[in-house]
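# Structure at a glance
Letter by letter, the chains look like this.
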Amino acid sequence: MFHKLVKHEFKATGRIILFLYLAAAVLSGVSLLLQKVANAIPLVSVAISLFSIILMIACPLVTYVIVILRFYRSCYGDEGYLTQTLPVSGKQIYFSKLLVAFCWCLLSILLVFLLLFSLMSLLTGVAGGSDISLMHVFVEVFGKLPLATSTKIWFIAMMIVYILFSCANWLVQIYFCICAGNLRVFRSLGSAAPVLIYIMVYIAMQILMLAAMFLFPYGITLYGGHFHIIREMGLQSMLQGADPTSLSLGVFILSPIAFAVMMYFGVRWLSRKVNLK
């Protein structure tokens, strides 16, 4: 049944998102095709560049709005009556929506990089310069980092994990606020409840992150091209002037804990009898 929920979510959210992504892909292809003749048609190149910038902003923005509205309307809006009658658990409903939203958000990020690549190539053609590849720029900049070869591989892996986690964490936080905002205690606030809860959660997380950064005694630093765990962190070390290349591990520990807590309560509240509007 879970795969049917996922399939239905892709159909429900893909009507607008796929059209937008198709437009972004077509525009990227046109930009690459016009790269060789960009000097002859600068006006067209400017128009395509403008649309590329608009799509770079619209792709992630529209995606986020659609997946958020989809979760709210299908769980707590008019569609919520139908969702609550399905022979599935609240956990299945939650994770099917989270999985689909996560896939769309990642795809929107990839499309932004695709549009950025085509835009750079097109602008290079207009300027009459050599082709600029994002991969070449990445390799050149990455090669200058003071990291050993093995450490660079770990660094890339950690950056990928960070991007994936940040995307999932943002969705879980939004879902948590929506579920909390529709509890009986917040019913009088109406649709403003999730927004107010999100603001409070954001402020609370910033305070907790600062506390974890200052109070947790362990950190990670870069020395000799490798990362090392150090104990000279915490508030006293910060006041005495800590190494600017050092990062507190408290933030990396607190983030997954907060992620798990918000996911747990989101699933729990969605599994209970909800208050539909």
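### Describing the nonpolar core
Within the largest apolar cluster, 53 residues are counted, with the highest numbers of intra-cluster contacts made by F71, Y76, Y94 and L270. Elements supplying a minimum of two residues to this core: α1 (2–33), α2 (42–76), α4 (90–127), α6 (149–181), α7 (192–215) and α9 (250–271). In terms of residue count, α6 provides more of this core than any other element does, 11 residues in total. The contact partners of L270, leaving out residues within four places of it in the chain, are F71, C75, Y76, G90, I93, Y94 and C179.

### Concerning α9
Taking 1.5 Å per residue, 22 residues should reach 32 Å; α9 reaches 32 Å between its end C-alpha atoms and fits that length. The set of residues buried in α9 consists of G250, L254, S255, A258, F259, M262, M263, G266, V267, W269 and L270.

### A short note on the side chain of Q173
Tracing the backbone shows Q173 in helix α6. Q173 sits in the buried class, given a relative accessible area of 10%. Non-local contacts of Q173, meaning those with residues more than four positions away in its chain, are made with Y198, V201, Y202 and M262.

### Brief notes about the pattern of salt bridges
Enumeration over the complete set of coordinates arrives at two salt bridges. For E9, the salt bridge is made with R70, and the minimal N-O distance between the two is 3.1 Å. Here E9 is found in helix α1, whereas its partner R70 is found in helix α2, with 61 residues between them in sequence. Note on accessibility: E9 and R70 belong to one class, buried. Through salt bridges with shared partners, a single network forms among E9, R70 and K97.

### Describing the environment of V88
Its location among the elements puts V88 in the loop between α3 (80–84) and α4. Residue V88 is classed as buried on the basis of its relative accessible area, which comes to 16%. Leave out the neighbours within four places in its chain, and V88 touches M1, L5 and I93.

### Some thoughts on the packing of aromatic side chains
Going through the model one piece at a time under the given rule, you end up with 11 aromatic pairs. Judged by centre distance (6.4 Å) and plane angle (90 degrees), the rings of F71 and Y94 are edge-to-face. With a gap of 23 residues between them, F71 in helix α2 and Y94 in helix α4 connect regions that are remote in the sequence. The exposure class assigned to Y94 is buried, which follows from its relative accessible area of 0%. Ring geometry for Y94 versus F95: centroids 5.3 Å apart, planes at 80 degrees, classification edge-to-face. What links up through ring pairs into an aromatic cluster is the set F71, Y94, F95 and Y175.

### Regarding empty space enclosed by the protein
Within the structure shown, the criterion is met by one cavity of 30 Å³ or more. If you go around the largest cavity, the residues you meet are E9, T13, V67, R70, F71, K97, V100, A101 and Y175. Contributing elements (two or more residues each) for the lining of the largest cavity: α1, α2 and α4. For the lining of the largest cavity, the per-class residue count stands at five nonpolar, one polar and three charged.

### Points about α7
The periodicity of an α-helix, 3.6 residues per turn, causes residues three or four places apart in sequence to face the same way. Over its 24 residues, α7 extends 35 Å from the first C-alpha to the last, a length consistent with the 34 Å expected when each residue adds 1.5 Å. Among the residues of α7, those classed as buried are A193, P194, I197, V201, M205, M209 and A212.

### Regarding the confidence of the model for the protein
Here the protein averages 78 in pLDDT, and 73% of its residues register 70 or above. Predicted confidence in the protein is weakest over helix α8 (residues 235–240), with a mean pLDDT of 52, and strongest over α9, with 91.

### Some words on the packing of α7 against α9
It is at 8 Å that the axes of α7 and α9 come closest, and there the two elements cross at 145 degrees. Like other packed secondary-structure pairs, α7 and α9 cross with a definite hand, here right-handed. Every residue of α9 that contacts α7 at V201, M205, L208, M209, A212 and M213 is listed here: G250, V251, L254, S255, A258 and M262. Its residues assigned to classes, the contact of α7 with α9 comprises 10 nonpolar, two polar and no charged.

### Thoughts on a positive patch on the surface
There is a patch of like positive charges on the surface, built from R184, R187, R268 and R272. Relative to the helices and strands, R272 is located in the segment after α9.

What counts, and where the lines are drawn
Residues numbered from 1 in each chain as written. Predicted model: local features only at pLDDT ≥ 70, side-chain atom pairs only at ≥ 80, totals over all residues. Heavy atoms only, no water. Core = buried A, V, L, I, M, F, W, Y, C linked by side-chain atoms within 4.5 Å. Buried < 20%, exposed > 50% of the residue type's maximum accessible area, 1.4 Å probe, protein only. Helix = DSSP H or I, 4+ residues; strand = E, 2+ residues; numbered from the N terminus. Contact = heavy atoms within 4.5 Å. Expected span 1.5 Å × (residues − 1). Salt bridge = Lys/Arg side-chain N within 4 Å of Asp/Glu carboxyl O. Phe/Tyr/Trp six-rings, centres within 6.5 Å; stacked < 30°, edge-to-face > 60°. 1 Å grid on protein atoms, 1.4 Å probe; cavity = no way out; pocket = protein on both sides within 12 Å on 5 of 7 lines; lining within 4 Å. Points joined across faces, edges and corners; volume = space filled by probe spheres on them. Nonpolar A, V, L, I, M, F, W, Y, C, P; charged D, E, K, R; others polar. pLDDT = per-residue confidence, 0-100. Axes fitted to C-alpha atoms, helices over the stretch in contact; angles between N-to-C directions. Left-handed = near helix turned anticlockwise from the far one by under 90°. Patch = residues over 30% accessible without salt bridge, like charges linked within 9 Å, V, L, I, M, F, W, Y side chains within 5 Å. Areas by Shrake-Rupley, 256 points an atom, 1.4 Å probe, with all protein chains shown as cover. Lys, Arg positive; Asp, Glu negative; His and termini not counted. Charge placed at Lys NZ, Arg CZ, Asp CG, Glu CD.

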